[in-house]
Amino acid sequence: MNAWVNFDTPLKTYTVHLDHDACPYVADMKQKSNQGWKKQQGTGGWKLFRSKEEALDIYQISHKDKLVLIECSHCR
């Protein structure tokens, strides 16, 4: 299953979400991306990974010292 990661620069968080309809954050992100990236608010961004494991591996390699890892409570 695909995983979406929300990089939030001001809050210094790396939040992992699974790509399914039960997660309201993923549904909201898809709606915003359909409107175009320029209309989104806030700083940071979303990135799609092929799996949750891949998203967690990238966190360990590139973001562990900079961002706090959060796993979405809707997706666990």
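Residues numbered from 1 in each chain as written. Predicted model: local features only at pLDDT ≥ 70, side-chain atom pairs only at ≥ 80, totals over all residues. Heavy atoms only, no water.

Participant: Outline the confidence of the model for the protein, supporting the account with residue identities and numerical values.
Facilitator: For the protein, mean pLDDT is 81; residues scoring 70 or higher make up 80% of the total. By mean pLDDT, helix H1 (residues 24-35) is the weakest element of the protein at 66, and strand S4 (residues 68-71) is the strongest at 95. (pLDDT = per-residue confidence, 0-100. Helix = DSSP H or I, 4+ residues; strand = E, 2+ residues; numbered from the N terminus.)

Participant: Please provide a residue-by-residue account of the environment of Ile70, values included.
Facilitator: Relative to the elements of secondary structure, Ile70 occurs in strand S4. Linking Ile70 and His17, residues 53 residues apart in sequence, is a C-alpha distance of 9.1 Å. Setting aside its immediate chain neighbours within four residues, Ile70 contacts Thr13, Tyr14, Thr15 and Val16. (Contact = heavy atoms within 4.5 Å.)

Participant: Please provide a residue-by-residue account of helix H2 (residues 52-63), values included.
Facilitator: Given a rise of 1.5 Å per residue, 12 residues ought to cover 16 Å, and the 15 Å separating the end C-alpha atoms of H2 matches this to within 8%. In this fold, the buried residues of H2 make contact with strand S1 (3-8), strand S2 (13-18), strand S3 (45-49) and S4. (Expected span 1.5 Å × (residues − 1).)

Participant: Explain the side chain of His63 to me, using residue names and the numbers behind them.
Facilitator: Summarising the element assignment, His63 is placed in helix H2. Filtering out sequence-adjacent residues up to four positions away, His63 remains in contact with Phe7, Tyr14 and Ile58.

Participant: Give me the sheet that holds S4: which residues, what numbers.
Facilitator: A sheet is described by the order of its strands in space; here four strands give the open sequence S3-S1-S2-S4, paired in mixed fashion. Whereas interior strands pair on both sides, the edge strands pair on one side only; in this sheet they are S3 and S4. For this sheet, the mean inter-axis angle between neighbouring strands, taken without regard to orientation, is 25°. Summarising the sheet, S1 and S3 pair through five bridges and their orientation is antiparallel. Across the sheet, Asn6 pairs through a bridge with Trp46, a residue of S3. Most of the contacts of H2 go to S2, to which it runs at about 170°, and overall it touches S1, S2, S3 and S4. (Pairing = 2+ DSSP bridges. Axes fitted to C-alpha atoms, helices over the stretch in contact; angles between N-to-C directions.)

Participant: Provide a residue-level description of the packing of aromatic side chains, including the pertinent values.
Facilitator: Counted by the stated rule, this structure contains two aromatic pairs. Aromatic side chains Phe7 and Tyr14 sit 5.1 Å apart centroid to centroid with 85° between the ring planes, which places their arrangement in the edge-to-face category. Each member of the pair, Phe7 as well as Tyr14, carries the same accessibility label: buried. With a centroid separation of 5.1 Å and 45° between ring planes, the pair formed by Tyr14 and Tyr59 is classed as tilted. You can see Tyr14 sitting in strand S2 and its partner Tyr59 sitting in helix H2, a full 45 residues away along the chain. You can call Tyr14 buried: its relative accessible area is 0%. Joined through ring pairs, the aromatic side chains of Phe7, Tyr14 and Tyr59 make up one cluster. (Phe/Tyr/Trp six-rings, centres within 6.5 Å; stacked < 30°, edge-to-face > 60°. Buried < 20%, exposed > 50% of the residue type's maximum accessible area, 1.4 Å probe, protein only.)

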